[in-house]
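What follows is the residue order along each chain.
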Amino acid sequence: MLKKAFVDNCMSKTQAYDWYKSFKDGREVVEDLPRSGRPSTSTTDDNIIQIKKLVLENRHSSVRELARELSIDKMTVHNILTNVLCMKRVAAKLVPKELVSEDMVSRAASDPNFMKRIITGDETWVYEYDTLTAQQSTEWRLPNEPNPKKPQIRNEN
């Protein structure tokens, strides 16, 4: 009945029986007792700083790449990114083509080599085109940072 009423905020039936048995056998302490096993030593201030630095250098970094570079467990890296740094992996928002065109005009005015880097063909202009999949275009972002943007390309035939 407790499990139905409190869902996940309630101890399981088996755990309740274990606690009952422990108190019946003379246990008086309510806190968890020390357990065997190695304590987590990877979530250190130094590792948190290093992960944040690496992610801000390359926001497309994967958890696996970061774990390999720092020689720590993948779950520790994921825990630091999501729980300690409160970062999320977000995909780029699509920006209408008209806004991209305005940006291109302003860049052309300020950069003399800009027009040399544009590829054109059949009414569609593509600037520094990269073929990233949706997963590859995701980036790590802090809670107060805006989502990344990428141009929305439509074929105008």
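Structural notes, computed from the coordinates. (Residues numbered from 1 in each chain as written. Predicted model: local features only at pLDDT ≥ 70, side-chain atom pairs only at ≥ 80, totals over all residues. Heavy atoms only, no water.)

1. Remarks on the overall build of the chain
Next, step 1: For the chain, the helix and strand inventory stands at 6 helices and 6 strands.
Next, step 2: For the chain, the residues scored as buried account for 24% of the 157 residues in total.
Next, step 3: Residue pairs in contact within the chain that sit at least 24 positions apart in sequence constitute 65% of those at least 6 positions apart.
Next, step 4: Total accessible area on the chain stands at roughly 12,500 Å², and carbon and sulfur atoms take up 53% of it. (Helix = DSSP H or I, 4+ residues; strand = E, 2+ residues; numbered from the N terminus. Buried < 20%, exposed > 50% of the residue type's maximum accessible area, 1.4 Å probe, protein only. Contact = heavy atoms within 4.5 Å. Areas by Shrake-Rupley, 256 points an atom, 1.4 Å probe, with all protein chains shown as cover.)

2. Here's the deal with the nonpolar core
Next, step 1: Membership of the largest hydrophobic core comes to 16 residues, with the highest contact counts inside it found for I51, V55, L66, V77, L81, L85 and M87.
Next, step 2: Those elements that provide at least two residues to this core are α3 (45-57), α4 (63-70) and α5 (74-84).
Next, step 3: Apart from residues no more than four positions distant in its own chain, V55 is found in contact with L66, L81, M87 and W140. (Core = buried A, V, L, I, M, F, W, Y, C linked by side-chain atoms within 4.5 Å.)

3. Looking at the side chain of R141
Next, step 1: With respect to the helices and strands, the residue R141 is situated in strand β5 (residues 139-141).
Next, step 2: Within the local environment of R141, its side chain forms a polar contact with the side chain of E139, the two groups lying 2.6 Å apart.
Next, step 3: Contacts of R141, omitting those with residues within four sequence positions, involve R59, C86, M87, K88, V90, P146 and P148. (Polar contact = N/O pair within 3.5 Å; in protein donor to acceptor, adjacent residues only side chain to side chain.)

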